Amino acid sequence: MAKNLVVLTGAGISAESGLATFRGNGGLWHQHRVEDVATPEAFARNPELVHTFYNMRRQQLKEAHPNAAHHALARLAAAWRGDFLLVTQNVDDLHERALASCPPCAEENKPEGRFRLLHMHGELKKARCGACEEVFAWEENLSTAHLCPACRLAGHMRPHIVWFGEMPLEMARIYAALRACDVFVSIGTSGNVYPAAGFVHEASGHGAHCVELNMERSLGASLFHEGRYGAATQRVPEWVEEMLRVA
Ligand code: BJW
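This text gives an overview of the structure that appears in the document.

## Some points on the site of the ligand
Turning to step 1, where the next piece is worked out: Around the ligand sit 35 residues in total, of which Arg23, Arg57, Thr189, Ser190 and Tyr194 are the nearest.
Turning to step 2, where the next piece is worked out: Taking Glu16, its side chain carries an N or O atom lying 3.0 Å from a nitrogen atom of the ligand.
Turning to step 3, where the next piece is worked out: When isolated, the ligand has an accessible area of 1500 Å², and the protein chains bury 76% of it.
Turning to step 4, where the next piece is worked out: Contributing elements (two or more residues each) for the shell around the ligand: α1 (12–15) and α5 (47–63).
Turning to step 5, where the next piece is worked out: Looking at the shell around the ligand, its residues break down into 18 nonpolar, twelve polar and five charged.

## A closer look at the sheet that holds strand β4 (residues 122–129)
Turning to step 1, where the next piece is worked out: Spatially, β5-β4-β6 is the arrangement adopted by the three strands of the open sheet, whose pairing is antiparallel. The sheet is open, and its two borders are formed by β5 (135–137) and β6 (157–161), each paired with just one other strand. Going across the sheet, the axis of each strand differs from the next one's by a mean of 45°, ignoring polarity.
Turning to step 2, where the next piece is worked out: Relative to β5, β4 is paired through three bridges, and the arrangement is antiparallel. Counterpart to Lys126 in the pairing with β5 is Ala137.

## Section: the nonpolar core
Turning to step 1, where the next piece is worked out: Grouped together as the largest cluster of nonpolar side chains are 28 residues, with contacts concentrated most on Leu5, Leu73, Phe84, Val236 and Trp239.
Turning to step 2, where the next piece is worked out: Taken together, the elements giving at least two residues each to this core come down to β1 (5–9), α6 (68–79), β2 (84–88), α7 (94–100), β3 (115–119), β7 (183–187), β8 (209–214) and α11 (232–246).
Turning to step 3, where the next piece is worked out: Counting residues per element, this core draws most heavily on α6, at six residues.
Turning to step 4, where the next piece is worked out: Among the nonpolar cores identified, the runner-up in size contains 19 residues, and Leu8, Leu118, Cys181 and Ala203 belong to it.

## Focus on the sheet that holds β7
Turning to step 1, where the next piece is worked out: Strand order in this open sheet of six strands is β3-β2-β1-β7-β8-β9, and the pairing throughout is parallel. Edge positions in the open sheet fall to β3 and β9 (226–229), since each of these has one partner strand only. Neighbouring strand axes in the sheet, compared pairwise and without regard to direction, differ in orientation by 15° on average.
Turning to step 2, where the next piece is worked out: Each of β1, β2, β3 and β7 touches α6; the most contacted strand, β2, lies at about 155° to it.

## Considerations on α5
Turning to step 1, where the next piece is worked out: Between its first and last C-alpha atoms α5 spans 25 Å; for 17 residues at 1.5 Å apiece the expected length is 24 Å, and the two agree.
Turning to step 2, where the next piece is worked out: Residues Val50, His51, Phe53, Tyr54, Asn55, Arg57, Arg58 and Leu61 constitute the buried set of α5.
Turning to step 3, where the next piece is worked out: Check the buried side of α5 and you find it contacts α2 (28–31), α3 (34–37), α4 (40–45), α7, β4 and β6.

## Focus on the packing of aromatic side chains
For any two aromatic rings, the description comes down to two numbers: the centre-to-centre distance and the angle of the planes.
Turning to step 1, where the next piece is worked out: Applying the stated rule across the entire model yields seven aromatic pairs.
Turning to step 2, where the next piece is worked out: Measuring from centroid to centroid gives 6.1 Å for Trp29 and Phe53, while their planes differ by 25°, and the two rings are stacked. Here Trp29 is found in helix α2, whereas its partner Phe53 is found in helix α5, with 24 residues between them in sequence.
Turning to step 3, where the next piece is worked out: Looking at Trp29, the relative accessible area reads 19%, which means it is buried.
Turning to step 4, where the next piece is worked out: Their ring planes at 40° and their centres at 5.4 Å tell us that Phe43 and Trp163 sit as a pair that is tilted. Taken together, the positions of Phe43 in helix α4 and Trp163 in the loop between β6 and α9 (171–180) put the pair 120 residues apart, joining distant regions of the chain.

## Considerations on the pairing of β4
Turning to step 1, where the next piece is worked out: When you tally the buried positions in β4, you get six out of eight residues, the bulk of the element.
Turning to step 2, where the next piece is worked out: Examined bridge by bridge, β4 and β6 share five bridges and lie antiparallel to one another. Bridge pairing links Ala127 to Pro159 in β6.
Turning to step 3, where the next piece is worked out: Where β4 hands over to β5, the hairpin turn is made up of five residues, of which Glu133 adopts a positive phi near 70°.

Definitions and limits used
Residues numbered from 1 in each chain as written. Predicted model: local features only at pLDDT ≥ 70, side-chain atom pairs only at ≥ 80, totals over all residues. Heavy atoms only, no water. Near = heavy atom within 4 Å. Polar contact = N/O pair within 3.5 Å; in protein donor to acceptor, adjacent residues only side chain to side chain. Areas by Shrake-Rupley, 256 points an atom, 1.4 Å probe, with all protein chains shown as cover. Helix = DSSP H or I, 4+ residues; strand = E, 2+ residues; numbered from the N terminus. Nonpolar A, V, L, I, M, F, W, Y, C, P; charged D, E, K, R; others polar. Pairing = 2+ DSSP bridges. Axes fitted to C-alpha atoms, helices over the stretch in contact; angles between N-to-C directions. Core = buried A, V, L, I, M, F, W, Y, C linked by side-chain atoms within 4.5 Å. Buried < 20%, exposed > 50% of the residue type's maximum accessible area, 1.4 Å probe, protein only. Contact = heavy atoms within 4.5 Å. Expected span 1.5 Å × (residues − 1). Phe/Tyr/Trp six-rings, centres within 6.5 Å; stacked < 30°, edge-to-face > 60°.

Everything listed here is a matter of coordinates, which is why it stays silent on function.
Below, the structure is given as structure tokens:
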């Protein structure tokens, strides 16, 4: 019988595409205080500072490209015969771009499909109106001067990002998949931020084999059955090749 797979990714998978992680040397939280740019209180206090932070990252994303780890996961998604859920904490669109270069995935990533990609912490290339809650595709810089394209109110447009203290997206669907999966793999995440850091506990508690692929042992490393350490562009394609042999 085909096995069900849940893959969780974090900033480490995009590091070799040139996007900074959060907590390592040179990480975003070494250059910016979380309390200034990644909480709803920060946005209420100084929205222009928060917009500047996310506008800068939206611009950097234009220069970045999916790497061998993103492409390997896209190959796995295309070949996997069981359910495949790719949950990313990342707000970049590098998984989408890798999947787009793999046509069967683009077709399968539909609500009723066998394969799904979920952005639990939101997406840089979307904006949301804090007044009417409508979400829009957004490529350009965002500012307090923007009107909501739907309700036409000014001053409420915000990045479609989950900040500390806010509810991550798609949690019901993610927990259902964690409870039903046979294999859970966590890639490029430090295990500092909940609820994602608790996914291994949920999957393991329901019988899944849990694998960590990361540059170093994460905070929750001891909860995994298996850990493989090194650069994502090395460890992920190697692991994918092994999985494809049993797919
Ligand atoms: C490589 C590599 C290479 C490098 N190859 N690897 C006390 C206890 C428990 C929880 C809480 C608590 N107090 C408060 C909370 C809740 C809080 C929380 O977790 N706080 C902790 C800091 C303690 N969480 C929240 O508030 C969340 N909401 C919430 O909990 O709602 C209630 C709820 C509960 C249960 C169910 C449902 C709801 C919201 C969290 C929002 C996180 N937002 C951010 C910023 C926004 C997005 C953005 O701007 O991009 O999301 S914070 C930041 O951290 C970002 C990331 O997605 C997230 C995770 O970071 P990640 O991906 O792990 O990156 P790093 O940098 O930490 O690690 C990178 C790893 O890669 C490292 O290990 C490197 O070694 C490795 N690496 N290069 C392979 N080449």
